Amino acid sequence: MATSENLSEIAKRQKKLGYQIKKNRSCYLMLAPYFILFFVFTVLPVLISVGLSFTYFNMLEMPRFTGWANYIRLFLEDDIFLIALKNTLLFAVITGPVSYMLCLLFAWIINEFSGKFRAFLTLIFYAPSICGNAYMVWSLILSGDRYGYLNGILLKLGIINEQILWMQTEKYILPMLIVVQLWLSLGTGFLSFIAGLQTVDKSLYEAAALDGVKNRWQELWYVTLPSMKPQLMFGAVMQITQSFAVADISIQLAGNPSINYAGATVVTHLLDYGSTRFDMGYASAIATVLFLLMVGTNKLVQKVLRRVGE
Amino acid sequence: MKTIRLFKPKQKKLNRSMAGNTLLFILMAICGVFMALPIVMIVNNALKPLDELFQFPPKIFVRNPTFENFSDLFVVMNDSWVPFSRYILNTVIITGFGTLGHVILASLAAYPLAKHNFPGKNLLFGMVVLSMMFSWTVTQIPTYMIVSWLHINNNFLALILPAWQFGMGLYLMKQFMEQLPDSLMESARLDGATEFQIFWKIVMPNVKPAWLTLAIFQFQQMWANTGSMYLRDEQLKPMQFALQQITGGGTARAGASAAVTFIIAAIPIIFFLVCQSNVIETMTTSGMKD
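Residues numbered from 1 in each chain as written. Chains lettered and ligands numbered in written order. Predicted model: local features only at pLDDT ≥ 70, side-chain atom pairs only at ≥ 80, totals over all residues.

Undergrad: What am I meant to see in the interface of chain B and chain A here?
TA: Where interface size is given, it is often the accessible area lost as the parts come together that is meant. Each side of the interface is counted separately: chain B has 81 residues, and chain A has 81 residues. It is helix H15 (residues 254–285) of chain B that contributes the most residues to the side of chain B that touches chain A, 12 residues altogether. In the side of chain B that touches chain A, the residues fall into 54 nonpolar, 21 polar and six charged. (Contact = placed C-beta atoms within 7 Å. Helix = DSSP H or I, 4+ residues; strand = E, 2+ residues; numbered from the N terminus. Nonpolar A, V, L, I, M, F, W, Y, C, P; charged D, E, K, R; others polar.)

Structure (structure tokens):
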């Protein structure tokens, strides 16, 4: 129990440097358990990986230092990497912003509903992320024979005359993968937006209505979005990590390697070297390049997001 | 006009037009059908008798529903070399501690990062955000080496300790805590509360939607982990591993594996619904803003 005498004493001591350190000590104490583990299981492995990117390492022999060789090979000799890079950028430029908007849009619409029905709606839209059998659904839809649902519908409507091998035809692979990825997009960002909408101060809406906000769209732009900026930032980072690291759906639906590398992405290329060819040095170099790409994009996106609601 | 009742009846929302409501409802219904496909398929497959499972072309909906697949599954489970209850216990330990520990540690570290100023703060936080952008595939090998050095291989700790420090959780919690008004903590501080008490009694209850959401993400991750990389002893393996072994049984076990797919999806869904309906409840009970 603090008496008033104690309080004034504390106020005096607060100005001194010694107190500052003591106060921060409790901060460091709270940080310690997480960050000790973080250094051991994340920072250290990342540093080792970056180190390995300058070596030849086949996971059997000791890594052998090769300098910039992996990076030079990556950009000057590896044509497939350039295809993969082009696909990944195309993928990220389209699915990144669209997925992000979809997450926000659906979270916002679901927020208009209430009670158990709302939890149910959230589940329905989160289903592709929680069920883990997305590939099963889409391989039925995109099946190359006439029994595939997409082929069936298009044949019935007379749009096509014979079935299309969706996942074996070069020009369809990337667009179809983009569609599947968009369908899968309501994941981490979506749920964090749902939670973020809960924390918007309700009285702000009343104040905004008095200030002349007329419809839900204005309310969204002037009240809701600025109030949930931290969640928007979080969603953007998650979106970047997902859009650039896309690989699973490509491997499951189009195979790795896919026809003429039409579905190759940076991460499928990385997996090819890391888990099939056991060239960890080269795979680490790919990971490092991908990392720098994401960091750059993140800088750019954060700049844009700061202007929301202005 | 059924739609109106679905909207919050007591606190009538401002700035809402009837036409807009109807439009949104129709949009949700159309999209919802597509998004619900995976759940619909899993439930229907689990109820299909064998001849329908092998039917070509495959149909989505079941015609003669049966629980045969589940009774098949129980037969297979009883045959397992390690009692099935052991797998369940392992999963409870791994998923339970992995989720609970992460939510607590990540929140504990997020609080000073969100609400205090101290040397090194930006550096630490920046590292966490950037770490999420480094490909997990590549760091797997160094992580494996570290786990071996620490001698926690073939131990639950090999799955639990790395799970406690995932970057996403800290980032999510920090973003939500940042929104809390400082005055909330200031008054408690004047009452002589320690930083830990402020964290536990004031900050955490006010960011309930955040940690419930984080629990969903973490549970999903831990539940999906087969542990096959680190756990060698059969007695240590989680349920997910045992269930996936059944799925690998080929055509002879197609029925049982349809039931397995159902269970693998159903458990995180139940957890999701429990957490998610609480996320919504907090909205009506908390009036935290000053």
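From this point, the discussion proceeds with the structure in view.
Undergrad: Sorry, what's going on with helix H14 (residues 266–276) of chain A here?
TA: Residue pairs three or four apart in sequence face the same way in an α-helix, which turns once every 3.6 residues. Residues and elements named next belong to chain A. Of all 11 residues in H14, nine are buried, a share of seventy percent or more. Among the residues of H14, those classed as buried are Val 266, Val 267, Thr 268, His 269, Leu 270, Leu 271, Asp 272, Tyr 273 and Gly 274. Looking one or two residues beyond H14, the residue adopting positive phi is Phe 278, at roughly 50°. (Buried ≥ 20, exposed ≤ 12 C-beta atoms within 10 Å, placed from the backbone.)

Undergrad: I keep staring at the packing of helix H9 (residues 188–198) of chain A against helix H12 (residues 229–244) of chain A and nothing clicks. Help me out?
TA: Think of two packed helices as two axes; the pair is described by the angle between the axes and how far apart they sit. Residue and element names in this part refer to chain A. Where H9 meets H12, the closest approach of the two axes is 9 Å, and the angle between their N-to-C directions is 175°. Between H9 and H12, the angle falls in the class roughly antiparallel. On H12, the residues touching Thr 188, Gly 189, Ser 192, Phe 193 and Gly 196 of H9 are Gln 231, Phe 234, Gly 235, Met 238 and Gln 239. Partitioning the contact of H9 with H12 into residue classes produces three nonpolar, seven polar and no charged. (Axes fitted to C-alpha atoms, helices over the stretch in contact; angles between N-to-C directions. Parallel < 35°, antiparallel > 145°, perpendicular 65-115°, else oblique.)

Undergrad: Help me understand the nonpolar core, please; the structure alone is not making it clear to me.
TA: Across soluble globular proteins, nonpolar side chains have a tendency to be buried as a group. With 152 residues, the main nonpolar core has A:Tyr34, A:Phe190, A:Ile286, B:Ala109 and B:Met173 as its most contacted residues. Ignoring sequence-local partners within four residues, the contact set of B:Ala109 consists of A:Met30, A:Leu31, A:Tyr34, A:Phe35 and B:Leu170. (Core = buried A, V, L, I, M, F, W, Y, C linked by C-beta atoms within 7 Å.)

Undergrad: Hey, could you run me through the environment of A:Gly144 in this one?
TA: All names here are of chain A. Along the chain, Gly 144 falls in the loop between helix H6 (134–141) and helix H7 (149–156). For Gly 144, a count of 16 C-beta atoms within 10 Å puts it in the partly exposed group. The sequence separation of Gly 144 and Ile 109 amounts to 35 residues, and the corresponding C-alpha distance is 36 Å.

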